[in-house]
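Summary of the model geometry
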Amino acid sequence: MSYPEVLQYPQTRYHGDKGEVNAVFRPADTPPDISSPGGSTHYLVTSVSTGGEFGLYKAELAPRSAGAKTHFHKTISESFYVLSGELELYNGEKWVTGRAGDFLYVPAGGLHAFKNATDEPTSMLMLFSPGAPREEYFEQVAEMAQRGGEELKRFRIRHDSYFVEDFQ
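Not measured: the values here are computed from a predicted model. (Residues numbered from 1 in each chain as written. Predicted model: local features only at pLDDT ≥ 70, side-chain atom pairs only at ≥ 80, totals over all residues. Heavy atoms only, no water.)

Quick notes on helix α1 (residues 135–147)
Taking 1.5 Å of rise per residue, the 13 residues of α1 would be expected to cover 18 Å, and the 19 Å separating its terminal C-alpha atoms lies within 8% of that figure. Where α1 bends most, at V141, the angle is about 50°. Inspection of α1 places E135, Y137, F138 and M144 among the buried residues, and these make up the whole buried set. On the buried face of α1, the contacting elements are β1 (34–36), β2 (39–45), β3 (55–61), β10 (122–129), α2 (149–158) and β11 (162–163). Two residues or fewer past α1, G148 is found with a positive phi of approximately 65°. (Helix = DSSP H or I, 4+ residues; strand = E, 2+ residues; numbered from the N terminus. Expected span 1.5 Å × (residues − 1). Bend = angle between axes of the 7 residues up to and from the residue. Buried < 20%, exposed > 50% of the residue type's maximum accessible area, 1.4 Å probe, protein only. Contact = heavy atoms within 4.5 Å.)

Structural notes on the environment of V82
Topologically, V82 is positioned in strand β5 (residues 77–84). Leave out the neighbours within four places in its chain, and V82 touches L87, G98, R99, A100, G101, D102, T122, S123 and M124.

Here's the deal with a nonpolar patch on the surface
Together, M1, Y3, L7 and Y9 give the surface a local cluster of nonpolar side chains, amounting to about 630 Å² of exposed area. Relative to the assigned elements, Y3 resides in the segment before β1. With a relative accessible area of 62%, Y3 lands in the exposed category. (Patch = residues over 30% accessible without salt bridge, like charges linked within 9 Å, V, L, I, M, F, W, Y side chains within 5 Å. Areas by Shrake-Rupley, 256 points an atom, 1.4 Å probe, with all protein chains shown as cover. Salt bridge = Lys/Arg side-chain N within 4 Å of Asp/Glu carboxyl O.)

Comments concerning the sheet that holds β3
Across the sheet, which stays open at both edges, the six strands sit in the order β1-β2-β3-β10-β5-β8 with antiparallel pairing between neighbours. The open sheet has two edge strands, β1 and β8 (103–106), and neither has a second partner. Between one strand axis and the next, the sheet turns through 15° on average, direction left out of account. Sheet analysis places β5 next to β10, joined by seven bridges and oriented antiparallel. When the bridges of β10 are listed, F80 appears paired with M126. Against the sheet, α1 touches β1, β2, β3 and β10, its axis set at about 170° to β2. (Pairing = 2+ DSSP bridges. Axes fitted to C-alpha atoms, helices over the stretch in contact; angles between N-to-C directions.)

This is the structure:
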């Protein structure tokens, strides 16, 4: 394979010439940041931690977890990487079954949804890029869903989540 003579990398963001110690380690046994009967979420690295580059979260879904209905984002892409179990993923056209090692990338504006339709737990990584303040969304979405109506719709829009059901 041949590569172009000049490569297009992003603009320089670190201007030192010796590097620095700034890596962040999160042990695997760190407890989840949010837990509920439907599963748990681990904030592996947030938008704040990455200077807005991305946010990476590990979600564990209980058996028969509803996940998220069809929606899209206007400002961020979302990627899913299945770690274990089976995860039903809607790619905007049809539902596909994701298994360990499967990956789905959804650009901004792309319709998508997910759910655990099995009797076994499943886990996945979710990557949002560029980073966005998703923590408040994860922490309050269950409560807001119970409230429903216009309050839920406003909450979703505040978090760049445009659910098809809100606009029908």
